[in-house]
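Overview (structure and organization)
One-letter residues, chain by chain:
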Amino acid sequence: MGPGQAEGCSVLHVDMDAFFASVEVRRHPELAGTPVIVGGAGNRGVVTSATYEARRYGVHAAMPTARALRLCPTATVLPGDLALYSEVSRSVMALFRSITPLVEPLSLDEAFLDVSGAGRRLGDAAEIGEYLRARVFDEQGITCSVGVAGSKFVAKLASTRAKPDGLLVVRPPEVMDFLHPLPVGALWGVGPKTEEQLLRLGLRTVGDLAHVPAKTLQRALGTAAGSHLHALSWGRDPRRVVPDEPEKSTGHEETFGTDVDDPAVIHRELLLLAERTAGRLRSGGWLARTVSIKVRFADFATITRSRTLDVPTDVGQELYETARALYDALGLDRARIRLVGVRAERLVDADSAPQQLELGAREHGRREAELAADRAARRFGAGAVRPATLLHRTGRPGNASPTSAVPRSRATRNQAGRPSVGPPEE
Amino acid sequence: MKFRVAREVLADAVAWTARSLPPRPSVPVLAGILLEVDGNQLSVSGFDYEVSARAEVDVQATESGRALVPGRLLAEITRALPPHPVEITAEGPRLALVCGNARFSLPTLPVEDYPSLPSMPSSAGLVDSDVFAEAVGQVAVAAGRDDTLPMLTGVRLEIEDDLITLAATDRYRLAVREFAWRPETPGVSAAVLVPARTLAEAAKTLTSGPEIVLSLSSGSSGEGILGLSGKDRQTTTRLLDAEFVKYRAIMPNDSNSHASLPVGLFTDAAKRVALVAERGTPLRCEFTPGQVTLHAGGSDEEGQAEERCDVEFDGEPLTIGFNPTFLLDGLAAVHTERARIDFTSPLKPAVLSGVEEPAADDGKPAGPAERTGSYRYLIMPVRLPG
């Protein structure tokens, strides 16, 4: 490629191709070139990732696994290994950071990079993009796609267009030609509801939208959304690449195979989720200041409750006690519950955070027990040591199955085909 | 029911009783204050199954009887009345209140639905009301406020013959105070856990007479209650049914260094420096011979502050972090001009205690019977990063 090809472009959006599924294929080379689905196999299991071979049959993420298998009966279904994906993700993000400090991960498998300060040694943004793609393939054996543009929003659309295993540069003068033929649903912030509204107004493409006065859009969609979409439709996206802020929260949730109304079962589940969450905090070197729970009822009504701790913690037992108290305070009378979740929020760095010590705390207290369990888990596998209440469970704490481990992503909107997974923090 | 009463007297009694009314009553009648006239005595009572309060007032009654009135409303009205005698008359389902030119007619609540107040347990002994108020105030400050850990929301009250020990902790600090009392039965021994908020409120407001009668029923006869009777006022509270931590084991036996500091100056300095300490960040105290340097803040997004204060310090220089609120609570509770802090290490509890001024002027040695020097306030430090 010649010089000047990426003139005016400094933002890269790098997106792993079928990330979880690709990592699985790397681990099981015999599956290369075949349809592979990563997802929960149970009653309510859903697809979290699928190879392009499977997508050809219409399989996509967030689809019930049962339906995916009807579409593509030859597919291999694998349960998923979040720990492995996190590890690969960490390596990839580390590679990005070796190019520029301005790396903003959106989830395990995608990130924005601002390479305006990367210097000339690697060439312009397009050349850096190709270089990254080659390095990721060399080091991880998986492919990724890169969008190169002057703004985050266009870069992200470009990487989607480049998939799989491609690179697309959209220079500022080309933005309108690139953008305007796209369907309105491609715009950042347009979900199914807004899309329906826009279609009712006869606005099918981004170009249609761009030629409606901003005032009209604001009347139809509200002031903020209206002006936001108007700006995007003309390629204006002032958001900057914000490097890797400390992670704001981490957590786990579990959808029950069938709705549960037994408080004892809920308590046990909260304990499991709290233990998993605490494990993530400890491996990431975080302490949580706030604990929150999420409860989704059989009718999908969802509530969250949170409490700020006197003293930040990474101890599963303390997360559990708070989560349980929050749950009990709801005063539910055998309501049927579909999902519960536990989150650790307002995280602080454990090493740099001052820590209020407790009077009379045993030198080898609960925290030390949990740290020992972490070590055992590293050696003998997740769940090697766990609370006795959880012994009967077949699930392995700390190694969530894909249906249950859906930590909240920092991405404002998750593209279909991409599981919603938090950024690496371990 | 019909009576006449001085406005101030009525307002005080109603306000005191209204304090213990539940903010969100589980049953509507519990929001009421019960007025009962018998002879020339009016009793003003409130009860929420946990705490009962009853104030007695002398009135000029022309007709005995009782009525249950919305408590908060009555408290607001009596507080706002002009300075004239008040005349209260029950008129069927309503209560008429006349004071000067002001005239109120209040709805009443069904008095037959109101639960009877627990009877006062038999007297266990007498405490000096001022000593009791001070001791409870000094200790209750360390009690926890998190209702999910009930054992930490109480004040432990231990009776051992003629000595009472109060203790409270929220896991991060522990306050202990002893004082003498006059038990009914010599050699008596008991230990109960009293809700801290209720106890502190009661002790503070029962100081109009010189003494308080302490009564206790625990264990065998159903749920334990503590009764406190001052002049014309008595209150009961249900005891907490929880184990208290074995706090005596936490008290350090010896120290490696100690500081003696002027409470007022040190408190002012700590308050100033703590202004920049965000929630959860510590006050960093560097003790060196002759002075302490206080620091707070320091990261890029927050302010920074530093102040030196002259103190006597004996031992190896020491840097220790404290939650500023915990430190200030303790300093406010010692009630002496100078205080002493004993240190073992930066990660072990520091012990704050009052220092008795040598009574140079009157030459009278500080009497051990007063035991005012028994207050101990342990603070667990904050582990400083780095």
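Since the model is a prediction, treat every value here as computed from it, not as a measurement. (Residues numbered from 1 in each chain as written. Chains lettered and ligands numbered in written order. Predicted model: local features only at pLDDT ≥ 70, side-chain atom pairs only at ≥ 80, totals over all residues. Heavy atoms only, no water.)

Comments concerning the overall build of chain A
Quick reminder of the rule: Numbered from the N terminus, helices here are DSSP runs of H or I no shorter than four residues, and strands are runs of E no shorter than two. Working rule for contacts: check all heavy atoms of both residues, and any pair within 4.5 Å makes them a contact. Only the protein chains shown count as cover for residues, with accessible areas throughout obtained via the Shrake-Rupley method and a probe of 1.4 Å.
For chain A, the helix and strand inventory stands at 14 helices and 13 strands. For chain A, restricting intrachain contacts to residue pairs at least 6 apart in sequence, the fraction spanning at least 24 positions comes to 68%. Working note: accessible area of chain A is about 19200 Å², and carbon and sulfur atoms make up 52% of it.

Let's talk about the overall build of chain B
Selection rule: Exposure is judged per residue with a 1.4 Å probe applied to protein chains only, and the accessible area is read against the type maximum: over 50% gives exposed, under 20% gives buried, and values in between give partly exposed.
Along its length, chain B carries six helices and 28 strands. Within chain B, the proportion of its 386 residues that are buried is 47%. Entry remark: accessible area of chain B is about 18500 Å², with carbon and sulfur atoms responsible for 49%.

Description of the pattern of salt bridges
The line we're drawing: When a carboxyl oxygen of Asp or Glu lies within 4 Å of a side-chain nitrogen of Lys or Arg, that pair is called a salt bridge.
Throughout the structure, instances matching the rule amount to 34 salt bridges over all chains. Across the salt bridge formed by Glu8 of chain B and Arg7 of chain B, the nearest N and O atoms sit 2.2 Å from each other. When its relative accessible area of 47% is taken as the criterion, Glu8 of chain B is described as partly exposed. Its salt-bridge partner being Glu286 of chain B, residue Arg284 of chain B comes within 3.8 Å of it at the nearest N-O pair. Assessed through its relative accessible area of 33%, Arg284 of chain B is described here as partly exposed. Relative accessible area serves as the criterion here: at 27%, Glu286 of chain B is assigned to the partly exposed category. A single network of salt bridges, built from pairs that share partners, joins Glu24, Arg27 and Asp81 of chain A.

Topic: the confidence of the model for chain A
Convention followed: Note on scores: pLDDT gives the predictor's confidence for each residue, bounded by 0 and 100.
Summary statistics for chain A give a mean pLDDT of 82 and a share of 87% for residues scoring 70 or more. Low confidence marks residues 394–426 of chain A, where pLDDT is under 50. Its contacts with residues over four positions away, or in another chain, come to 103 contacts.

Some words on the interface of chain B and chain A
Our working definition: Throughout, the accessible surface (probe 1.4 Å) given up by two parts as they are put together, summed over both, is called the buried area. Contacts described as polar in this section are N or O atom pairs within 3.5 Å, which, within protein, must combine one atom able to donate a hydrogen with one able to accept it, while residues neighboring in sequence count only if both atoms come from side chains. The residue classification treats Ala, Val, Leu, Ile, Met, Phe, Trp, Tyr, Cys and Pro as nonpolar and Asp, Glu, Lys and Arg as charged. All others, Gly included, are polar. By this definition, two strands are paired if DSSP reports at least two bridges between them.
Of the residues lining the interface, 23 residues belong to chain B; the matching set on chain A comes to 17 residues. At the boundary of chain B with chain A, total buried surface from both sides reaches about 1600 Å², with 59% on carbon and sulfur atoms. Applying the counting criterion to the chain B and chain A interface returns one salt bridge. The salt bridge involving Glu358 of chain A is made with Arg171 of chain B; its shortest N-O contact spans 3.7 Å. Linking chain B to chain A there are four residue pairs in polar contact (both at pLDDT 80 or more). Of all the elements in the fold, those that place two or more residues in the side of chain B that touches chain A are strand S13 (173–180) and strand S28 (382–383) of chain B. A breakdown of the residues in the side of chain B that touches chain A according to their chemical character gives twelve nonpolar, six polar and five charged. Looking at chain direction, strand S13 (residues 355–356) of chain A and S28 of chain B are connected through two bridges and run antiparallel. Bridge assignment links Gln355 of chain A to a residue of S28 of chain B, and that residue is Arg383 of chain B.

Topic: the packing of helix H10 (residues 214–221) of chain A against helix H11 (residues 223–233) of chain A
Residue and element names in this part refer to chain A. Quick note on the threshold: The angle between two axes is taken between their N-to-C directions and runs from 0 to 180 degrees, where each axis is a line fitted to C-alpha atoms and a helix contributes only its stretch in contact. Put simply, angles under 35 degrees are roughly parallel, angles over 145 are roughly antiparallel, angles from 65 to 115 are roughly perpendicular, and the rest are oblique. Left-handed describes a crossing in which the near helix is turned anticlockwise from the far one by less than a right angle; the clockwise case is right-handed.
Contact geometry of H10 with H11 gives a least axis separation of 7 Å together with a crossing angle of 140°. Overall, the two elements H10 and H11 adopt an arrangement that is oblique. Where H10 crosses over H11, the two elements pack in a sense that is right-handed. Note on element contacts: H11 touches H10 through Thr223, Ala225, Gly226, Ser227, Leu229 and His230, opposite Ala214, Leu217, Gln218 and Leu221. Classifying every residue of the contact of H10 with H11 gives five nonpolar, five polar and no charged.

Description of the nonpolar core
So the rule is basically this: Definition of nonpolar core: a set of buried residues of the types Ala, Val, Leu, Ile, Met, Phe, Trp, Tyr and Cys, connected through side-chain atoms within 4.5 Å.
One finds Phe132, Phe287 and Phe343 of chain B to be the most contacted residues of the largest nonpolar core, which totals 98 residues. If one sorts the elements of this core by residue count, helix H6 (residues 324–334) of chain B sits on top with six residues. With residues up to four places along the chain from it excluded, the contact list for Phe132 of chain B reads Val127, Phe179, Leu199, Ala203, Ile212, Leu214 and Leu228 of chain B. Counting 37 residues, the second-largest nonpolar core is a separate cluster that includes Ala21, Ala111, Ala118 and Ala125 of chain A.

Focus on the UniProt feature "active site" (unreviewed entry) in chain A
Residue and element names in this part refer to chain A. We apply this condition: UniProt positions are given in the numbering used here, feature names are shortened, and annotations may be inferred rather than shown by experiment.
UniProt feature "active site" (unreviewed entry): in the numbering of this structure it lies at Glu110. Considering the arrangement of structural elements, one finds Glu110 in strand S6 (residues 110–114). A relative accessible area of 1% means that Glu110 is categorised as buried. Within the structure, the side chain of Glu110 is placed 2.7 Å from the side chain of His13, a separation counted as a polar contact.

Details of the environment of Val176 of chain B
Residues and elements named next belong to chain B. Summarising the element assignment, Val176 is placed in strand S13. On the basis of relative accessibility, which here comes to 8%, the residue Val176 falls in the buried class. Between the C-alpha atoms of Val176 and Gln138, which are 38 residues apart in sequence, the distance is 8.2 Å. Ignoring sequence-local partners within four residues, the contact set of Val176 consists of Val139, Thr165, Leu166, Ala167, Tyr247, Met251, Ser374, Tyr375 and Arg376.

Things to note about the sheet that holds strand S11 (residues 302–313) of chain A
Residues and elements named next belong to chain A. The sheet built from four strands is open, its strands ordered S9-S12-S10-S11 with antiparallel pairing. The open sheet is flanked by strand S9 (249–260) and S11, the only strands paired with a single partner. Between one strand and the next, the sheet's axes are offset by a mean angle of 15°, whatever the strand orientation. Helix-sheet contacts for helix H12 (residues 263–284) involve S9, strand S10 (286–297), S11 and strand S12 (337–349), and the interaxial angle to S9 is about 155°. Helix H13 (residues 316–329) contacts S10, S11 and S12 of the sheet and is inclined by roughly 35° relative to S10.

Observations concerning the sheet that holds strand S11 (residues 154–160) of chain B
Residue and element names in this part refer to chain B. Strand order in the open sheet formed by nine strands is S15-S11-S12-S13-S27-S26-S25-S19-S23, with antiparallel pairing between adjacent strands. Every other strand in the sheet has two partners, leaving strand S15 (189–195) and strand S23 (312–314) as the edge strands with one partner each. Neighbour-to-neighbour, the strand axes of this sheet turn through a mean angle of 15°, independent of strand direction. In this structure, strand S19 (residues 257–262) lies alongside S23, joined through three bridges in antiparallel fashion.

Quick word on unusual backbone geometry
Of the consecutive residues Lys163 of chain A and Pro164 of chain A, the connecting peptide bond is found in the cis state with omega at -10°. Notably, Asp165 of chain A is not glycine yet its phi reads approximately 55°, a positive angle. Topologically, Asp165 of chain A is positioned in the loop between helix H6 (152–162) and strand S8 (167–169). Relative accessible area serves as the criterion here: at 42%, Asp165 of chain A is assigned to the partly exposed category. For Arg171 of chain B, which is not glycine, the phi torsion reads 85° and is therefore positive. By secondary structure assignment, the location of Arg171 of chain B is in the loop between strand S12 (163–169) and S13.

Looking at the side chain of Thr17 of chain B
By secondary structure assignment, the location of Thr17 of chain B is in helix H1 (residues 7–18). Discounting chain neighbours no more than four positions away, the residues touching Thr17 of chain B are Ile33, Val44, Ser45, Gly46, Ala53 and Ala55 of chain B.

Thoughts on the packing of aromatic side chains
All names here are of chain B. So the rule is basically this: Within 6.5 Å between ring centres, the rings of Phe, Tyr and Trp (the latter by its six-membered ring) count as paired, and their orientation is classed by plane angle as stacked under 30 degrees, edge-to-face over 60, tilted in between.
A full pass over the atoms with the stated rule returns ten aromatic pairs over all chains. Considering the side-chain rings of Phe244 and Tyr247, the 5.9 Å spacing of their centres and the 70° angle between planes classify their relative orientation as edge-to-face. Residues Phe313 and Phe343 carry aromatic rings whose centres are separated by 6.5 Å and whose planes lie at 55° to one another, so their mutual orientation is tilted. Remark: Phe343 occurs in strand S25 (residues 338–343) and Phe313 occurs in strand S23; sequence separation between them is 30 residues.

Description of the side chain of His230 of chain A
Examined against the element boundaries, His230 of chain A turns out to sit in helix H11. When near neighbours in sequence (up to four residues on either side) are disregarded, His230 of chain A contacts Ala210, Val212, Pro213, Ala214, Leu217 and Arg236 of chain A.

Quick notes on the pairing of strand S27 (residues 376–379) of chain B
All names here are of chain B. Here S13 runs beside S27; their pairing, made up of four bridges, is antiparallel. Counterpart to Arg173 in the pairing with S27 is Ile379. Here strand S26 (residues 350–355) runs beside S27; their pairing, made up of four bridges, is antiparallel. The residue of S27 that forms the bridge with Val351 is Leu378.

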